[in-house]
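Letter by letter, the chains look like this.
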Amino acid sequence: QRAGYIHALRDKNVSDAIRGGPIGRIALCYMEWSSPYHQTVIIPWRIIASEEDAKKFADDLDSLPYTPGSTTSISAGVDFAVKLFNSADFEPTRKVIDVSGDGYSDFGRPITVARDEAVAAGITINGLAVMTERSSWRTPAPADLDIYYRDNVIGGPGSFYIGVHGLEDFSKSVIQKMILEISSLVPTPKPRA
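Residues numbered from 1 in each chain as written. Predicted model: local features only at pLDDT ≥ 70, side-chain atom pairs only at ≥ 80, totals over all residues. Heavy atoms only, no water.

Q: Let's hear about the side chain of E32: which residues, and what values?
A: Looking at where E32 falls in the secondary structure, it is placed in strand β1 (residues 26-33). When near neighbours in sequence (up to four residues on either side) are disregarded, E32 contacts R2, H38, Q39, T40, I42 and Y66. (Helix = DSSP H or I, 4+ residues; strand = E, 2+ residues; numbered from the N terminus. Contact = heavy atoms within 4.5 Å.)

Q: Give me helix α4 (residues 74-87): which residues, what numbers.
A: If you check α4, its first and last C-alpha atoms are 20 Å apart, about what 14 residues at 1.5 Å a residue would give, namely 20 Å. When α4 is considered as a whole, its buried residues turn out to be I74, S75, A76, G77, V78, A81, L84 and F85. On its buried side, α4 packs onto β1, β2 (39-48), β3 (95-101), α5 (111-120), β4 (123-130) and α6 (145-153). (Expected span 1.5 Å × (residues − 1). Buried < 20%, exposed > 50% of the residue type's maximum accessible area, 1.4 Å probe, protein only.)

Q: Please provide a residue-by-residue account of the pairing of β4, values included.
A: Counting buried residues in β4 gives eight out of eight residues, a clear majority hidden from the surface. Residues I123, I125, G127 and A129 point to one face of β4 and T124, N126, L128 and V130 to the other, with burial holding for every one of them. Between β3 and its parallel partner β4, the chain crosses via α5, and the hand of that crossover is right-handed. Bridging between β4 and strand β5 (residues 161-164) involves four bridges; their strand directions are parallel. Counted as the bridge partner of L128 is I162 from β5. (Right-handed = clockwise from strand over helix to strand, strands pointing away. Pairing = 2+ DSSP bridges.)

By themselves, these observations are geometric and do not establish any function.
If you want it as structure tokens, here you go:
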């Protein structure tokens, strides 16, 4: 998943969206999460106002070691991200948590409670439901994870989710998601199958 964000930040379409956005820049913080006790800020808040800024963020992210997590607590990740907005030394015009995950929130408090509290605080939560094939030793990703994200994870004005079904689509989906978030655009909802 990290590689998808690195690739997206190196994509000219993303930096063009940033420069062409409402104020021509965004603030970005990258964190990784898993269990209720594992949330780590990988890169703290940074202003991205140019293609060079975006590439530098991607290069820095690419150079840092990755530590896999153990369980999935989306609620703890959301709660931690909400607190990160309080640590920023600027007041954003819009607050968005970009959640990317490959399973249900199965530890910690209910995700709907965390989501509703974040939305009440003026934060939008968008989701990237990763439903790609996994190694044979791992439990398969839930087949309805995109619907789970729609019904339980995303929330707030203009919130949306994207389901990713193949590794080859992951980077493209992250690019699409970032451009939509930066541009404040909302994709056309897909009918439920």
